[in-house]
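Close look at the chain arrangement
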Number of protein chains: 2
Amino acid sequence: MVKIENSKRTILNLAESLLQDKGFNGFSYAHIASELGVKNAAIHYHFPTKEDLSIAVIQRYRDRFKLWINNSRVKGLSHEAKLDWFFTIYTDMRADKGKVCLVGSMEAEFNSIPEGLQGEVQALHKELLAWLQSTLAEGRDAGAFSFKGEPADKAAVILSTLQGALQMARALGTKKFRDVIAQVKLDLLSP
Amino acid sequence: MVKIENSKRTILNLAESLLQDKGFNGFSYAHIASELGVKNAAIHYHFPTKEDLSIAVIQRYRDRFKLWINNSRVKGLSHEAKLDWFFTIYTDMRADKGKVCLVGSMEAEFNSIPEGLQGEVQALHKELLAWLQSTLAEGRDAGAFSFKGEPADKAAVILSTLQGALQMARALGTKKFRDVIAQVKLDLLSP
DNA sequence: TTGACAACTTACTAACTAGTAAGTAAAATC
DNA sequence: GATTTTACTTACTAGTTAGTAAGTTGTCAA
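In this report, we go over the structure that sits alongside the text. Being a predicted model, the structure only gives us computed values, none of them experimental. (Residues numbered from 1 in each chain as written. Chains lettered and ligands numbered in written order. Predicted model: local features only at pLDDT ≥ 70, side-chain atom pairs only at ≥ 80, totals over all residues.)

**Observations regarding the overall build of chain A**
We count it as follows: A helix here means a DSSP run of H or I that spans at least four residues, while a strand means a run of E at least two residues long, and both kinds are numbered starting from the N terminus. Exposure is read from a count of other C-beta atoms within 10 Å of each residue's own; the residue is exposed at 12 or fewer, buried at 20 or more and partly exposed in between. C-beta atoms are placed from the backbone. Think of it this way: build a C-beta for each residue from its backbone, and any pair within 7 Å is a contact.
Looking only at helices and strands, one finds 10 helices and zero strands in chain A. Secondary structure of chain A in N-to-C order comes out as α-α-α-α-α-α-α-α-α-α. In chain A, which comprises 191 residues, the proportion classed as buried is 40%. Restricting the contact set of chain A to residue pairs at least 6 apart, pairs at least 24 apart contribute 62%.

**Notes on the interface of chain A and chain B**
Stated precisely, the cut-off is as follows: Residue polarity follows a fixed list, in which Ala, Val, Leu, Ile, Met, Phe, Trp, Tyr, Cys and Pro are nonpolar, Asp, Glu, Lys and Arg are charged, and the others, Gly among them, are polar.
Between chain A and chain B, the contact holds 42 residues from the first and 42 residues from the second. Those elements that place two or more of their residues in the side of chain A that touches chain B are helix 1 (7-22), helix 7 (102-108), helix 8 (115-141), helix 9 (151-172) and helix 10 (174-189) of chain A. Considering every element that reaches the side of chain A that touches chain B, the biggest residue donor is helix 9 of chain A, with 14 residues. Per-class residue counts for the side of chain A that touches chain B are 14 nonpolar, 17 polar and 11 charged.

**Considerations on the relation of the copies chain A and chain B**
The condition is simple: Only residues with pLDDT of at least 70 in both copies contribute their C-alpha atoms to the least-squares superposition of the copies.
When chain A is fitted to chain B, the residual RMSD is 0.0 Å, and the transformation amounts to a turn of 180° plus an axial shift of 0.0 Å. Both copies of the chain, as the preceding transformation shows, are related through a two-fold rotation axis. When you check the interface residues of chain A against chain B, 100% turn up at the interface there too, and the contact is symmetric in its surfaces.

**As for the nonpolar core**
Short version of the rule: Here a nonpolar core is just a set of buried residues of the types Ala, Val, Leu, Ile, Met, Phe, Trp, Tyr and Cys, joined wherever their C-beta atoms sit within 7 Å.
Counting residues in hydrophobic clusters, the biggest one holds 94 residues, and the most contacted among them are A:L166 and B:L166. Ignoring sequence-local partners within four residues, the contact set of A:L166 consists of A:Y90, A:M93, A:R94, A:V100, A:C101, A:G104 and A:F177.

**What to know about the packing of helix 9 of chain A against helix 10 of chain A**
Residue and element names in this part refer to chain A. Stated precisely, the cut-off is as follows: To get an axis, fit a line to the C-alpha atoms, keeping to the stretch in contact for a helix; angles then go from 0 to 180 degrees between the N-to-C directions. In what follows, roughly perpendicular refers to angles from 65 to 115 degrees, roughly parallel to angles under 35, roughly antiparallel to angles over 145, and oblique to any angle outside these ranges. By the definition used in this description, the sense in which the near helix is turned from the far one sets the handedness, with an anticlockwise turn below a right angle giving left-handed and a clockwise turn giving right-handed.
Between helix 9 and helix 10, the least distance of the axes is 7 Å, while the angle of their chain directions is 160°. Viewed along their axes, helix 9 and helix 10 adopt a mutual orientation that is roughly antiparallel. Judged by the sense of rotation from one axis to the other, the crossing of helix 9 with helix 10 is right-handed. Side by side, helix 9 and helix 10 meet where I158, T161, A165, L166, M168, A169 and L172 of the first sit next to T174, K176, F177, V180 and V184 of the second. Of the residues that constitute the contact of helix 9 with helix 10, the class distribution is nine nonpolar, two polar and one charged.

Below you can see the structure in the form of structure tokens.
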């Protein structure tokens, strides 16, 4: 018996990576198992079903995001720096083998993923939106951002843009992605 | 032999619908065949491989879009009405069983679709961007739109937003989608 | 030292996948 | 009226899928 340390975490890492790379219908237990050098059944031992595994990936991501935004390092940033921090989450994904955000990946195949997973995706999307909304609201009140309309709507626009731009970059390249980020900031920062 | 009139077109319609609903990895020849009341092999007769079929769907969509934008009905519209026409393409998709745009669907699973299909998706995305870019440029020159930066970048932002918003709507509902459209227009139309 | 448990492997199933080859019947062409 | 072509069906293959059941082995606690 070859022991892999922290199997559960390693499986989650690989599953997250595959979800962002190929989507729910594009990856299999065989992919994970072969990459890990174990048999399919070993994955089923830790996560009985594909739904269980995918849900665990999203839940871990939700926990991680919650930790980040409650961390004093992020809380202490200026309004503009908070926004930049959020954007780096997406630029980092793009830099990491052209990954796409989990939410976008799973919403694109929303109608062919299990119900429990749909619920997790919905919850994550709401949490991302909520943070961005309040960050935009506070930033505008403080004079750091300039935009018309409701912070909730502007947050939905910006999050949709980031999600779409990561996908666009797969066909049209990273330069296009960077241009989008720059344009979003231009729209938001100058008066 | 039960004859289906215009089989080829009917198959393309169904395949397009399935691609927008479940994505490339989420649909099979069996889905199409059963919906059509024929056997799998009948689909293979018209489109030998899944790649052939998917490419044909995108090519037809590209032709359709080219026809639309060269049609005098669209060419004769005001700048604002042109933008509204473009937005209705997406609101219609949302209204039609929560479909997602072809480009977004296939870019989300870009790394697990055939190469030839990737090329078609890329070509379609470029064509959509090109039209939107020139529409934005002309509209701003004429004083109908107001935005900072390059039309090419603003077009990439708006297209990414629409693409992301259709996906977002699957988890968060149609109201959120309409809010995004309204916000994009607010950002673009008022001075 | 024993026995329980964790973390696997082996071996399997049933369903589904894309794709093929050969046959058939109606319709169009000659 | 004969022949070819079109649009299928039947029957199949080889590979992949998620998932299960039973057996194995190293580790650790009592």
